[in-house]
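Topology and contacts: notes
Single-letter residue listing:
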Amino acid sequence: MIINFKGAKTYIGTGGKSLDNTKKTLCFLHGSGQNHFSFIQQARFFAYKGYSVIAPDMPAHGFSDGNPCKSIKENADWISDLLVDLKLKNVVVIGHSQGCLVALELNRILKSTLEALIFVAGSNEIPVNQFLLDLSKENPQKASQMMVTWGHGIDGDMSINKWPGHSHYGEGNNIMCMNKSTALKYDLHSCNDYSDGIDAAKNVKVPALAVLAKYDQMTPLKSGLKFVELIKNCETHILDCGHFLPSERPVELNSIINSFLSKLK
Amino acid sequence: MSENYKFDTLSLHAGHIPDKETGSRAVPIYQTTSYVFNSTEEAASLYNMEVGGHLYTRISNPTVAALEQRLAALEGGASALACSSGMAAMHLVISAICSSGDHIVASSKMYGANINLLQHTMPRFGVNTDFVNPNDPEAIKKAIKPNTKLVFGEVIGNPGLDIMDVPEIAKICNSKNIPLILDATFNTPYLMQPFKHGANIIVHSLTKWLGGHGIAIGGAIVNGGNFDWGDKDKFPTISGPHFALGGISFWEEFGPSALIAKIRAEGMYNFGPSLSPTNAFHLMQGIETLPLRMKKHIENTHSILDFLVSHEMVEWVKHPDLETHPDHEVAKRILPKGSGSIVAFGIKGGREAGKAFIESVQLASHLANVGDAKTLLIHPGSTTHSHLSSEAMKEGGLTDDMIRLSVGLEDFNDIKKDFERGFKAVKKLNK
Ligand SMILES: Cc1ncc(COP(=O)(O)O)c(C=O)c1O
């Protein structure tokens, strides 16, 4: 659906169902340079499992206009205001990559609204190398291509896909190309500059789930495992794929999320 | 991880990794119509396109999917869909985008069935086409109307061998937000990858060079993922609510792969031109050697061009790699590895001479196909284009004396000897 939010056209994927704010809401937060298409195989799946789903395109991403957020905190404030605007209560936040950092900050802001946190291919820190930071400014398209290549496990290289006929690389590149050209630069800087992750992770009080990727080159497994140690009682799973876990292992991820959600009150 | 494999490697490997259970190195032929569901929930979510997977072979099949994913990788596309023939691919894509009242701009110099579909069949369903010279970007621009929904052409036209200036035409289409759809059968991704030049959708007859051995009919649509279908007034059945799946918007749900998702949910469901898994396997076998074959096709083509150009019995020779071809400069720019292995030539003595030549060669086969590993010949005036008048043939850049040659992979000297046999028969006739 498209709404006018903070004066800008804002797109929110709802998985093909209209939003019902009386239900438990799953809020999917995309990663750097991504948009709601990161969750093609999650949004629709959970919208048809009795949940309300929102997968917003952050400002300047996907179908949303507006100026890109310039820090993780700004991203979190934007989402927090959006939840108020949409009158959503009982929210489970599901972040992928950068979306995990935003989720950690949301944990500080949201009070009773937040029911649980799910971290997909995440960590408490996402340092970005200078080369990629520079390239995201000079040639965002090239930077996107490199991220798509690094971001996938062997399924990317070999054009293996659970979705018949789809290519992770071809689809991934085009998903990133849909964003405004400055979006990636601000996302990567936001990740690189974020340094409150350790405290934020220790501060998680709601039930938490982490699904990490064995061959993640963007937020390496080692870093992800240190991160989950910081969170009290974080249920952790490791899948044999790359960073783009939602499209690389959709069935496994959905099943893990589903059973985690079923354990919530 | 992230090796970014090159074309030759992808031709062999893309779309398949040996599974842990059997270790089968070759892509298994999943000769099945249907797939057991683990639960009712799983079945429901497959039908509802919530996650990927197979439910019925008319819609998708693991062997066919391996072929599709190989094609997507070779073309650099977002997704691909394989179907029963090149013509099925063409019809699927046109019917996915156009509805009654819509308009198409297409090249006037194309394969006979492509022309027929647009000129005679689609108008019965309210979709009309204006045909324009593919070498004239200005004419294409002028032909575009408010209700034009796509521009269609062949990168290398069959059989006239006109070359479309893809980057120029793509710019025009892009500025008007109209998808450029190209039949890339004659070039294959080995010679040219249209998405790199701004095209949006590719259709292939896999029957030809991609399959490469004249053993299986098949087609494919490769979706670049680089087209914005978001205009709900212009593309209501892709971005607006669709009758299938509870008013789904394919564009909002699937983005770069919206078109392929729509074709699977509508075209494959309701028309059903599915590719058999066994044919998918045969076509994939062919693709494994595509780079090797295309190299040799081009090498032999260049040798044959030298031979024909200097032959006393040959009136004219047409191939875009020859400087005399009107599109030679465009060909050099967009097809630097060569412009395919189809050669057109006229034999001194006209229609009768052509007939005598074809009937006396032995190695080259007289048949209605192109892109086989074996050398093939045909006389379009009396076969593929026989339904067209001489004037209509001329409009399509054809003449009565024209022979279309599909250069194979035989030893060049053997092809040459065979052709000499044909020329000798013509000489006798001319005496
Ligand atoms: C350029 C071109 N496109 C499409 C086709 C149709 O392909 P198929 O025979 O696989 O339907 C052909 C067949 O000759 C062709 O030459």
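Residues numbered from 1 in each chain as written. Chains lettered and ligands numbered in written order. Predicted model: local features only at pLDDT ≥ 70, side-chain atom pairs only at ≥ 80, totals over all residues. Heavy atoms only, no water.

Our focus in this paragraph is the sheet that holds strand β4 (residues 52-56) of chain A. All names here are of chain A. Overall, mixed pairing links the 8 strands, which are arranged β1-β2-β4-β3-β5-β6-β7-β8 in an open sheet. Each edge of the open sheet is held by one strand with a lone partner, namely β1 (2-5) and β8 (234-239). Across this sheet, the average inter-strand angle for adjacent strands is 25 degrees, counted without regard to direction. Both strand β6 (residues 114-120) and strand β7 (residues 208-213) contribute to a ladder of 4 bridges, which runs parallel. Looking at the pairing, L117 lines up with A208 of β7. (Pairing = 2+ DSSP bridges. Helix = DSSP H or I, 4+ residues; strand = E, 2+ residues; numbered from the N terminus. Axes fitted to C-alpha atoms, helices over the stretch in contact; angles between N-to-C directions.)

Next up on the list: the interface of chain A and chain B. Contact residues are listed per partner, giving 38 residues for chain A and 42 residues for chain B. Interface area for chain A against chain B, summed over the two sides, is near 3,400 Å², with a carbon-plus-sulfur share of 58%. In this structure, B:E50 engages A:K49 in a salt bridge whose closest nitrogen and oxygen atoms are separated by 2.7 Å. Scanning the region where chain A abuts chain B turns up 15 residue pairs in polar contact (both at pLDDT 80 or more). Those elements that provide at least two residues to the side of chain A that touches chain B are α1 (40-47), α5 (140-151), α6 (154-157) and α7 (168-177) of chain A. (Contact = heavy atoms within 4.5 Å. Buried area = accessible area lost by both parts, 1.4 Å probe. Salt bridge = Lys/Arg side-chain N within 4 Å of Asp/Glu carboxyl O. Polar contact = N/O pair within 3.5 Å; in protein donor to acceptor, adjacent residues only side chain to side chain.)

What follows covers the side chain of A:S97. Residue and element names in this part refer to chain A. With respect to the secondary-structure elements, S97 resides in the loop between β5 (91-96) and α3 (98-109). Separated by 2.9 Å, the side chains of S97 and H243 make a polar contact. Sequence-distant contacts of S97, that is, excluding residues within four places in its chain, are made with G31, V120, A121, I126, T219 and H243.

Time to look at the environment of A:N258. Considering the arrangement of structural elements, one finds A:N258 in helix α12 (residues 250-263). Sequence-distant contacts of A:N258, defined by excluding residues within four places in its chain, comprise A:F45, A:F46 and A:Y51.

For the rest of this paragraph, the subject is the confidence of the model for chain B. Averaged over chain B, the pLDDT score is 95; the fraction of residues at 70 or greater is 98%. Of the two predicted TM-score estimates for the complex, the pTM is 0.97 and the ipTM is 0.97. (pLDDT = per-residue confidence, 0-100.)

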